[in-house]
Amino acid sequence: MESQWSPAFPLHSPSVVFLLLATSYTWLFPITSPQRVPTDPQAAPEYAHSIRLDGDVILGGLFPVHSRGDRGTPCGELKKEKGIHRLEAMMFAIDLINKDPELLPNITLGARILDTCSRDTYALEQSLTFVQALIERDGSDVRCANGDPPIFTKPDKIVGVIGAASSSVSIMVANILRLFKIPQISYASTAPELSDNSRYDFFSRVVPPDSYQAQAMMDIVTAMEWNYVSTLASEGNYGESGVEAFIQISRETGGVCIAQSLKIPREPRPGEFDKIIRRLLETSNARAIIMFANEDDIRRVLDAAKRNNQTGHFLWVGSDSWGSKISPVIGQERVAEGAITILPKRASVDAFDRYFRSRSLSNNRRNVWFAEFWEENFNCRLGMHGKRPGVLKKCTGLEKVGRDSSYEQEGKVQFVMDAVYAMAHALHRMHRELCYGYPGLCPRMASNIDGKELLSHIRAVKFNGSAGTPVMFNENGDAPGRYDIFQYQITNRSTAEYRVIGSWTNKLHLKMDAMRWKTGDPSLPASVCSLPCRTGQRKKVVKGVPCCWHCESCEGYHYQASEFTCELCPYEMRPDKNRTGCVPIPIIKLEWHSPWAVVPVFISMLGIIATSFVIVTFVRYNDTPIVRASGREMSYVLLTGIFLCYAITFLMIATPDVGVCSLRRIFLGLGMCFSYAALLTKTNRIHRIFEQGKKSVTAPRFISPASQLVITFSLISVQLLGVFVWFAVDPPHTVVDYGEQRTQDPMAARGVLKCDISDLSLICSLGYSILLMVTCTVYAIKTRGVPETFNEAKPIGFTMYTTCIIWLAFIPIFFGTSQSAERMYIQTTTLTISLSLSASVSLGMLYMPKVYIILFHPEQNVPKRKRSFKAIVTAATMSGKLTQKGGDRPNGEVKTELCESMETNTSSTKTTYVSYSNHAI
């Protein structure tokens, strides 16, 4: 038999048409003959598994009275709290509203309450009951067996639905109800998907969505300083949407990484939960587990953790499906210890407690599942048709809830009542608008209540709920986010309980000191992929996992600029001890107390004392033959140069400044220039005299003392001219050389304060003096054959030879240490000692013998006869020739008439000092 029907409004959704057509027509519209119309509506078959309360306005109700059944069975065991408590809360709220003279006066609310059996597909079938009244029925082609037209049972017209609990059920039902414009208010569905007003425009809820819950849980994780967590969700909209919202927030905010995101199947196989625990242990550092799972799955996960000896390892963070429920943790207190759970802020409704404790089999016949609850609650059996045939104890009917059994108000009772009251307040606003002053339902509401108009009134309500908290909705139908934060703690008395440790109202307020983890341990456990790096180390993030990293120390002159980078300090700075910043490199100079300075200073002081002693001696014995024979004027110039060579040591060690640097430039090469200019002039004079004597008896030019001084100071003026040009081109100033002692270890790095004199400038400054020294050495070699009885050419020669050796040793030492960390000390010491040794050689070889004779052998310091220039030249010439001949004799003996003629009557051991400085030319 086929029947025709058409909806009271156009159906544009092919899926809905298919769904409705697939449903049995006779199931939707039971047909009875005129003689068999039931007189008791509650006796009708369609009411056998539902509760029906008569009223002027009928509200639908969806509650998980039973759990999900095993394979092939739609319904399972009775849910005492989530099922019975909640549906009783709806009926209790309806009773209160019907008794309230201010709310919906003269209007009675009724209800049609269905069992969803915690299964979305079964709930969809049940919810089709709510839309029967909105579908027009065409019975023209239908006839009873006797030929009479059929009589259809009139279905209740549902104006709004309270429920469902599960988000997956609410989503399934909302897709049907929106087509028939039936508003829906949920008391427990929190999936973020339901906030989509374009898809679920007739859906509202008195609990905040999981997007708020996910944000609250993220704030908890952040407050715990956990950055590496895993997620665990029950398959379905609630679990998957909650985890998805949490992961999305973690991506947006950063700082928290998801190690694993696991899903619990709807129909888990044996061993599935053990497998989940083993997979979570693959990332053992992710101890925190974010759970969006139903109550049954939570219990089985905890049990699997206990079986796998992981008590105390995992840090559970549960959503409102865990909340403060006892059933998931019974017998598993230790493994659940420390779990942090979240629950929409609620309060116990005392009036409901009094109401529910007063329920009995005799006064609660309207609840078709109450007898089953009675057996379950008191563990007894009601007659032969009881639901618990295996139980021997019989129920007396005199048992009392809360006295003969434990009782604690279920957490969502408040929200169930708030949902009913929200619908009642919306109907009240609608009645006041459409039926103002009309007692009861006016025709406009009695004939048809427009669901869209009712929805607008629902979204506009604002009142204090059953627990005194405000009830309101935003444009998406969501309630504001208000949560209590719980922790499951075991006290010292080994009693386990949920304790409030904080709250979340758009911002987390957490009492860290109230938290407990292992029994009595207040320390905060860790759930991080990598431990924080020490100061001075940067994080090298593992690719794709920003919360996992390797710690790398900032080395060399790098410091930790940020969490992830090391940067090079400025050239004049070095990292501090913690390598978190840069500090100036210490500046050093050659100190007077340094061993590198003590030795040169000691030598210089001895030299200055000796030089001063010689000068004083020469001044004291200025007119004696030895002083006069050595050339007084040139001797004083030479001694001045020697004195300056010793004195420059103090300038080289003194703290550099502009004045010291200026004096260094002037006197660094000036002392040597004085000395070697004087010696060069002396050796050149001797050379010219004897070279001239070979050619003629005429004395050479410019051999007088005045001429010698002019020549000497002319040579010195070249040095001074070079220094003044240097001053003009590059004015003296100090610099801090950070490269000289820039060691591998920054802590040993030092900046050297010194004058801006480069190695090239130093060589140029000393180069002229070295040129004079080399030239003087050449002349000393040329005059080496002059008899020692006539001049001091040989002492000058020995002086120059020794000086050349000193400076030849100086060059490799000075330049070979240019890369040494001790460069400043070695080069300064080498330079000053070389200058002092050069001066000491000149002082020792040229003047100490003279001072010795002056002071200790004054008898030898007497005037001798003077010889003419001709006699001197003749003697020198003959001496040279005889020396050459002597080389041809077998014994190398030389005895000339010239030498014999020059011998005086004095002893042969006496030295004759010949003065030729005043000879006429």
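What you see is a predicted model, and the numbers here were worked out from it, not measured in a lab.

Caption draft 1: Quick peek at the pattern of salt bridges. For the structure on display, the rule yields 26 salt bridges. The partner of Glu193 in a salt bridge is Arg199, with the nearest N and O atoms 3.3 Å apart. Overall, Glu193 belongs to the partly exposed group, its relative accessible area being 23%. For Arg403, the salt bridge goes to Asp404, with nearest N and O atoms at 3.0 Å. Owing to a relative accessible area of 42%, Asp404 belongs among the partly exposed residues under this scheme. One salt-bridge network, held together by shared partners, links Arg52, Asp54, Arg112 and Asp156.

Caption draft 2: View of the packing of helix H24 (residues 823-846) against helix H25 (residues 848-856). Put simply, H24 and H25 touch, their axes get as near as 4 Å, and they point 40° apart. With respect to H25, the axis of H24 lies oblique. Seen from H24, the contacting residues are Leu843, Gly844, Met845 and Leu846; seen from H25, they are Met848, Pro849 and Lys850. Grouping the amino acids of the contact of H24 with H25 by side-chain chemistry returns 5 nonpolar, 1 polar and 1 charged.

Caption draft 3: Region of the structure containing unusual backbone geometry. In this structure, the amide linkage connecting Gly163 to the following residue, Ala164, adopts the cis form with an omega of 0°. The phi dihedral of Glu225 is positive, around 60°, even though this residue is not glycine. Structurally, Glu225 is set in the loop between helix H6 (210-223) and strand E13 (228-234). On the accessibility criterion, Glu225 (64% relative accessible area) is exposed.

Caption draft 4: Fine view of the UniProt feature "transmembrane region" (unreviewed entry) in the chain. Within this structure's numbering, the places UniProt gives as "transmembrane region" (unreviewed entry) are residues 596-616, 636-656, 662-681, 702-729, 760-781, 793-815 and 835-857. Between the end C-alpha atoms of residues 662-681 there is a gap of 28 Å, over a span that is 95% helix and 0% strand. The distance from the first to the last C-alpha atom of residues 835-857 is 31 Å, and the span holds 91% helix and 0% strand.

Caption draft 5: Examining empty space enclosed by the protein more closely. Scanning the entire structure with this criterion turns up 4 cavities of 30 Å³ or more. Sorting the residues of the lining of the largest cavity by element identifies helix H13 (413-434) and strand E19 (470-472) as the ones contributing at least two each. Among the residues forming the lining of the largest cavity, the class breakdown is 9 nonpolar, 2 polar and 3 charged.

Caption draft 6: Structural view of the packing of helix H18 (residues 632-653) against H24. Remark: H18 packs on H24, axes separated minimally by 9 Å, with the N-to-C direction vectors making an angle of 160°. Compared by their axis directions, H18 and H24 come out roughly antiparallel. Every pair of crossing elements has a handedness; the one defined by H18 and H24 is left-handed. Where H18 abuts H24, its residues Leu638, Leu639, Ile642, Cys645, Tyr646, Ile648, Thr649 and Met652 lie against Thr828, Leu831, Thr832, Leu835, Ser836, Ala839, Ser840, Ser842, Leu843 and Leu846. Its residues assigned to classes, the contact of H18 with H24 shows 12 nonpolar, 6 polar and no charged.

Scoring rules and cut-offs
- Residues numbered from 1 in each chain as written.
- Predicted model: local features only at pLDDT ≥ 70, side-chain atom pairs only at ≥ 80, totals over all residues.
- Heavy atoms only, no water.
- Salt bridge = Lys/Arg side-chain N within 4 Å of Asp/Glu carboxyl O.
- Buried < 20%, exposed > 50% of the residue type's maximum accessible area, 1.4 Å probe, protein only.
- Axes fitted to C-alpha atoms, helices over the stretch in contact; angles between N-to-C directions.
- Helix = DSSP H or I, 4+ residues; strand = E, 2+ residues; numbered from the N terminus.
- Parallel < 35°, antiparallel > 145°, perpendicular 65-115°, else oblique.
- Contact = heavy atoms within 4.5 Å.
- Nonpolar A, V, L, I, M, F, W, Y, C, P; charged D, E, K, R; others polar.
- UniProt positions renumbered as here; feature names shortened; annotations may be inferred.
- 1 Å grid on protein atoms, 1.4 Å probe; cavity = no way out; pocket = protein on both sides within 12 Å on 5 of 7 lines; lining within 4 Å.
- Points joined across faces, edges and corners; volume = space filled by probe spheres on them.
- Left-handed = near helix turned anticlockwise from the far one by under 90°.

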